[in-house]
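# Topology and contacts: notes
Here's the letter readout for the chains.
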Amino acid sequence: MTVLRPDGSEPSEPPPEEPAPGPVARWNTPARRRKALIALVAVWAVVITVVAFTRGRDNGQSSQAAAPKPAPSPSPGPLAVSEIYQTLLPSVVLIQTTGHDAKKALESATGTGVIVNADGTVLTAAHVIDGAETIEVTYADGTSSTAKVASANPEQDIATITPAKLPETLVPAVLGGGVQVGDTVVAIGNPLGLVDSTSSGVVSGLDRKLTREAKDDIAGLIQFDAAVNPGNSGGPLVNDQGQVVGIVVALANPTDAGTFIGIGFAVPIGAALGGGENGDGRAPPL
């Protein structure tokens, strides 16, 4: 049979034969996708674990490096003068007295005292309240009260007084022990009427004797060079631990000026309380 073709046309080539269908790849099945997802999750979990472990180790090392190392606690050192003053001031009182002199003239005097017991007992110098007809104490908070003499030891120039009314907050002083030459001491009082004054110095001598007119000498005194003047009498002499080690009773006065020239005297606290070789054995009612 003859196949008719258009003029000028060539016989068309037969279409290429398609390869026979073979087995189709079936990797994109649900089962394979699930396995791939599980593998990806496992790899991600391993990565997270490694990162967390590395960071945790770094943080542990940083915390260990930043942790404070144990060190021995410093032993309590001496207090500064300002700290001594702030510690003792609530225990210091202003004492004001009135009376009549030998000529029956009214006179007044100023001194200092220190609270030494929880019942409000005030320790002072005997000459501060000697001959007083009225005694008034003023506390650090500004409140005042009348007071009466509880005991007196003229031989040691020491006395105690009992206020009729106590302040709202009562702060007894801490009483200390002995001192040595060269120890720092602070005097607190009301010199020349200048209330709540303080001065500092050192113990410049021990076992000193004070000669008094018409009275027996006082022996065993602490000599110090912290400035004191009239009005300091009866006030506390304090060590660098904030403890009362003496009661100020006198200053060296080779002239009639009656002002401080560099030497003050205090009765040791043990003698002031009636103990020791300088006391008479009769302790004040503390």
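Notes on the structure follow. Here the structure is a predicted model, which means the values were calculated and not measured.

For the rest of this paragraph, the subject is the overall build of the protein chain. Counting secondary structure elements, the protein chain contains four helices and twelve strands. The burial tally for the protein chain puts 33% of its 286 residues in the buried class. Counting only contacts in the protein chain whose residues sit at least 6 apart along the sequence, the fraction spanning at least 24 positions is 57%.

As a further point, take the layout of surface pockets. Looking at the largest pocket, its volume works out to about 710 Å³. Residue lining of the largest pocket: 27 residues in total, with His-127, Asp-157, Ser-233, Val-249 and Ala-250 positioned closest to the centre. Mapped by element, the contributors of at least two residues to the lining of the largest pocket are β2 (106-115), α3 (126-129), β8 (197-212) and β11 (244-251). For the lining of the largest pocket, the per-class residue count stands at 13 nonpolar, nine polar and five charged.

Before going further, it helps to spend a moment on the sheet that holds strand β5 (residues 144-153). Ordered in space as β1-β2-β3-β6-β5-β4, the six strands form a closed barrel in which the pairing is antiparallel. Averaged over all pairs of adjacent strands, the angle between strand axes in this sheet comes to 40°, irrespective of strand direction. As paired elements, β2 and strand β3 (residues 122-125) share three bridges and run antiparallel to each other. Across the sheet, Gly-113 pairs through a bridge with Thr-124, a residue of β3.

Turn by turn, an α-helix covers 3.6 residues, leaving residues three or four places apart pointing in a common direction. Here helix α2 (residues 81-88) has its buried residues at Ile-84, Tyr-85 and Leu-88. Taken end-on, α2 shows its buried residues confined to a sector of 100°, consistent with a single buried face. Each element contacted by the buried residues of α2 is listed here: β1 (92-100), β7 (184-189), β8, β10 (236-239) and β11.

One recurring pattern in soluble globular proteins is that nonpolar side chains are buried together. Core analysis: the largest hydrophobic core is formed by 40 residues, its most contacted members being Ile-95, Leu-123 and Ile-161. Per-element tally for this core: the top contributor is β11, with four residues. In contact with Leu-123, not counting residues within four places along its chain, are Gly-113, Val-114, Val-116, Ile-158, Ala-159, Thr-160, Gly-234, Ile-247, Ile-269, Ala-272 and Leu-273.

Now for the pairing of β7. Judged by how many residues are buried, β7 sits mostly within the fold: five of six residues are covered. In terms of strand pairing, β7 meets β10 through three bridges, oriented antiparallel. If you follow Val-186 over to β10, its bridge partner there is Val-238.

This part takes up the sheet that holds strand β9 (residues 215-224). In spatial order, the strands read β7-β8-β9-β12-β11-β10; together these six strands close into a barrel with antiparallel pairing. Shown here is a sheet whose adjacent strand axes are inclined to one another by a mean of 55°, direction ignored. Where β8 meets β9, five bridges bridge the pair, whose relative direction is antiparallel. Within the sheet, the bridge partner assigned to Gly-205 lies in β9 and is Gln-223. Relative to the sheet, α2 contacts β7, β8, β10 and β11, its axis offset from that of β7 by approximately 45°.

Rules used throughout
Residues numbered from 1 in each chain as written. Predicted model: local features only at pLDDT ≥ 70, side-chain atom pairs only at ≥ 80, totals over all residues. Heavy atoms only, no water. Helix = DSSP H or I, 4+ residues; strand = E, 2+ residues; numbered from the N terminus. Buried < 20%, exposed > 50% of the residue type's maximum accessible area, 1.4 Å probe, protein only. Contact = heavy atoms within 4.5 Å. 1 Å grid on protein atoms, 1.4 Å probe; cavity = no way out; pocket = protein on both sides within 12 Å on 5 of 7 lines; lining within 4 Å. Points joined across faces, edges and corners; volume = space filled by probe spheres on them. Nonpolar A, V, L, I, M, F, W, Y, C, P; charged D, E, K, R; others polar. Pairing = 2+ DSSP bridges. Axes fitted to C-alpha atoms, helices over the stretch in contact; angles between N-to-C directions. Arc of directions from axis to C-beta. Core = buried A, V, L, I, M, F, W, Y, C linked by side-chain atoms within 4.5 Å.

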